[in-house]
Amino acid sequence: GAVVSQHPSRVICKSGTSVKIECRSLDFQATTMFWYRQFPKKSLMLMATSNEGSKATYEQGVEKDKFLINHASLTLSTLTVTSAHPEDSSFYICSARDPQRGLGGYTFGSGTRLTVV
Amino acid sequence: ELKVEQNPLFLSMQEGKNYTIYCNYSTTSDRLYWYRQDPGKSLESLFVLLSNGAVKQEGRLMASLDTKARLSTLHITAAVHDLSATYFCAVDIWGGTASKLTFGTGTRLQVTL
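Residues numbered from 1 in each chain as written. Chains lettered and ligands numbered in written order. Predicted model: local features only at pLDDT ≥ 70, side-chain atom pairs only at ≥ 80, totals over all residues. Heavy atoms only, no water.

Draft legend 1. Local environment of the sheet that holds strand β6 (residues 55-58) of chain B. All names here are of chain B. Spatial strand order, β1-β3-β8-β7-β6: five strands in an open sheet with antiparallel pairing. Of all strands in the sheet, those bounded by a partner on one side alone are β1 (4-7) and β6. Between one strand axis and the next, the sheet turns through 15° on average, direction left out of account. Across four bridges, the pairing between β1 and strand β3 (residues 19-25) is antiparallel. Across the sheet, Glu5 pairs through a bridge with Asn24, a residue of β3. (Pairing = 2+ DSSP bridges. Helix = DSSP H or I, 4+ residues; strand = E, 2+ residues; numbered from the N terminus. Axes fitted to C-alpha atoms, helices over the stretch in contact; angles between N-to-C directions.)

Draft legend 2. Summary view of the state of the cysteines. Applying the stated rule across the entire model yields two disulfides over all chains. Here Cys23(A) is linked by a disulfide to Cys94(A), with a sulfur-sulfur distance of 2.0 Å. Here the disulfide of Cys23(A) and Cys94(A) is right-handed, its torsion about the S-S bond being about 85°. Of the two residues, Cys23(A) is situated in strand β3 (residues 19-25) and Cys94(A) in strand β9 (residues 90-96); the sequence distance between them amounts to 71 residues. For the pair formed by Cys23(A) and Cys94(A), the shared burial category is buried. Paired through a disulfide, Cys23(B) and Cys89(B) show a sulfur-sulfur distance of 2.0 Å. With the S-S dihedral at roughly 80°, the linkage between Cys23(B) and Cys89(B) falls on the right-handed side. Here Cys23(B), found in strand β3, pairs with Cys89(B), found in strand β9 (residues 85-94); they are 66 residues apart in sequence, far enough to count as distant. Residue Cys23(B) shares its accessibility class with Cys89(B), and that shared class is buried. (Disulfide = S-S within 2.5 Å. Buried < 20%, exposed > 50% of the residue type's maximum accessible area, 1.4 Å probe, protein only.)

Draft legend 3. Representation of the pattern of salt bridges in the model. On inspection of all chains with the given rule, the structure shows six salt bridges over all chains. Glu59(A) is the salt-bridge partner of Lys100(B), the closest N and O atoms lying 2.9 Å from each other. Of this pair, Lys100(B) sits in strand β10 (residues 99-103) while Glu59(A) sits in the loop between β6 (57-58) and β7 (67-73), which puts the two residues in different chains. Judged by its relative accessible area of 18%, Lys100(B) is buried. One salt bridge connects Arg36(B) with Asp38(B), and the closest N-O pair in it is separated by 3.0 Å. Relative accessible area serves as the criterion here: at 14%, Arg36(B) is assigned to the buried category. Via salt bridges that share partners, Arg97(A), Arg31(B) and Asp92(B) belong to a single interconnected network. (Salt bridge = Lys/Arg side-chain N within 4 Å of Asp/Glu carboxyl O.)

These results come straight from atomic positions and should not be treated as a statement about function.
Below you can see the structure in the form of structure tokens.
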């Protein structure tokens, strides 16, 4: 089945530094990937839709300059949290839909736990 | 703005009991998904419901979709401890450039021995 690999699974960084999270579709090509953020005991909030070869579409209230998304190939999307601060600490999850599966569902990465100290 | 609400938000139930989780959404959609999330983990796909009246079952879980009522249910039969997790429904709608998911508030299920 469709597999989405997300790395790293955990990262701790100092305040003011930038962190890059990778999301790869391993056995299919994903023209569209999605980035979510989840706070403890809360639901998933869509941050942005990543489109291969074009600019990402950000949800209302998400800072584009803070959360840089690049989707340079059909199998890789990256989320860079720039100048991270403690309030950016969260669980970030990516997902993609295999177009071969039609409406058969989305596949999620394993998530990245970001802690900014 | 699409709203997806689940109830209850928290459910504590004894092993062997039955219960239903409800997912209500505020706009037209005929594509709804159910996911399970264990603590510290990502999402595991449970069910994909793609039409009005769709019903799917896997083990002790059964999901249904009523698009006219904008309601989906996840029914748990004879709960076991292993079902303890957080369950999310998610509605798939067209966002202008792509379909995207809006998640429900989540239901944290605790099955006690």
